[in-house]
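So the chains spell out like this:
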Amino acid sequence: MAGRGGQGGQGRQAVLVLEDGRAFRGAAFGAGGETFGEMVFNTGMTGYQETLTDPSYCRQIVAMTAPHIGNTGVNDEDPESRRIWVSGYVIREPARIASSWRAQRSLDAELAAQGVTGIAISGTRALTRHLRDRGAMRAAISTLTTDPAKLLPRVLASPGMTGADLAREVSTAEPYTVRPPAGTATRYRVAAVDLGIKAATPRRMALRGCEVNVLPADATADQILAHSPDGVFFSNGPGDHAAAGYAVDAMRGALAAGTPVFGICLGSQLLGRALGLDTYKLRFGHRGVNQPVKDLRTGRVYITSHNHGFAVSPPGADQGQTPFETPFGRAVVSHLNLNDGVVEGIRLLEAPAFGVQYHPEAAPGPHDADDLFDEFCTLMAAAR
């Protein structure tokens, strides 16, 4: 429900209103108009273009905690998808110029061109603290009215994220294939279910010799397995996993066939549900590039990139570190978030399947989690 209308909004007044009545006034940024969505924050200091174009942010208003956004402008090489998906954008101080040699236009111009309404406020720290205390909530940005009392009833009438099936909204309409680069032999065929996939993900697999057939979110198990894949991948994506029962059914079909399965973010939550685990909504979610996650097998701590507002419930008092029974054999919780103890990974012990809650294709510093793609390839090689 992003707003439309107007050119770059800088110089005009705008207001941000949260569903609990808290309001922030500031300067318009991007397109004029009004927009509604779930208010969340992202702790990354870089990568704003990747954030904006990550389909997992569909129907969310994103506040950046880094104080200065837009320094490197926007280019046509870094987007993670075909468009900007955020409903609205909140920053503290927009860059006045784009200083990168790769920049092709300013962030303000890009937001305006794609109809994304934003606001620059001095209180992004106060907003973040408020969301940490009260949790993610519905919100609106408007340049059409600066009276919070007029906007609040419409915020309260807007849809929430619980129960929202957004994967089919952001998914590809038609299948497509990403092949290994020239000079790299094709070693594996992967069927990737696009629940909101980022462009970097099939590229990382293609570099390892995977021919990746990307399929729509509602692809059935029969449609997936018709590609005779060596492995099946379930991507990240937006919305409530509980509304994506069609993808859970497809996951169960792939698991029953014995095909290696790898899921990230939403795909990991779907794996949890396919194994019979419960899921729940986090208070304010994990969004950013600095989340410490511990691999319980090795004790190694990864610094990871996240974007999720839901999580898998741990299956037991020890958070699932003791193996538990599933319809597909025993499983174990493989990764935990060291900030809050949230389950960050699940692994089947008697079948070639695993999932992680974070994004291994992202680069929060070095490619800390890139080896997960290697692990997926190892499973595919062993299953032949």
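See the structure printed just above.
Residues numbered from 1 in each chain as written. Predicted model: local features only at pLDDT ≥ 70, side-chain atom pairs only at ≥ 80, totals over all residues. Heavy atoms only, no water.

**Description of the pairing of strand 13 (residues 231–234)**
The test is simple: Here's how the labels work: a residue is buried when its accessible area is under 20% of the maximum for its type, exposed when over 50%, partly exposed in between, all with a 1.4 Å probe on protein chains only. The way it works is that DSSP assigns letters per residue, a run of H or I at least four long becomes a helix, a run of E at least two long becomes a strand, and they are numbered from the N terminus. Pairing between two strands requires that DSSP report at least two bridges joining them. Clockwise travel from the first strand over the helix to the second, with the strands pointing away from the viewer, marks a crossover as right-handed.
Where burial is concerned, the two faces of strand 13 agree: the one with G231 and F233 and the one with V232 and F234 are both buried. The pairing of strand 11 (residues 188–193) with strand 13 spans four bridges and is classified as parallel. The residue bridging V190 from the neighbouring strand is G231, located in strand 13. Inspection of the sheet shows strand 13 paired to strand 14 (residues 261–264) by three bridges, in the parallel sense. For V232, the partnering residue across the bridge sits in strand 14 and is V261. Chirality of the crossover, the property in question, places the unit of strand 13, helix 8 (residues 245–256) and strand 14 among those that are right-handed.

**A look at the sheet that holds strand 8 (residues 117–120)**
The following threshold applies: As a rule, the C-alpha atoms of each element are fitted with a line to give its axis, helices using only the stretch in contact, and angles between N-to-C directions run from 0 to 180 degrees. Any two residues whose heavy atoms approach within 4.5 Å at even a single point are treated as in contact.
In space, the seven strands of this closed barrel follow the order 1-2-8-6-4-3-9, with mixed pairing throughout. Taking each pair of neighbouring strands and ignoring which way they run, the sheet shows an average axis angle of 35°. Pairing geometry for strand 1 (residues 13–18) and strand 9 (residues 137–142), over four bridges, is antiparallel. Within strand 9, the residue paired with V15 across the bridge is S142. Across the sheet, helix 3 (residues 124–134) touches strand 1, strand 2 (23–30), strand 3 (34–42), strand 4 (60–64), strand 6 (88–91) and strand 9, and the angle it forms with strand 3 is around 80°. Packed onto the sheet, helix 4 (residues 148–157) meets strand 1, strand 2, strand 3 and strand 9 and runs at close to 45° relative to strand 1.

**Here's the deal with a nonpolar patch on the surface**
As a reminder, the rule being used: Patches here are clusters of residues that have more than 30% relative accessible area and form no salt bridge, with a 9 Å joining cutoff for like charges and a 5 Å cutoff for nonpolar side chains (Val, Leu, Ile, Met, Phe, Trp, Tyr). To be clear on the numbers: accessible area is Shrake-Rupley with a 1.4 Å probe, and residue cover counts the displayed protein chains and nothing else. Salt bridges are counted wherever a side-chain nitrogen of Lys or Arg sits within 4 Å of a carboxyl oxygen of Asp or Glu.
On the surface, V301, I303 and L338 cluster together into a nonpolar patch covering about 230 Å² of accessible area. Turning to its location among the elements, L338 is positioned in the loop between strand 18 (329–337) and strand 19 (343–348). You can call L338 partly exposed: its relative accessible area is 46%.

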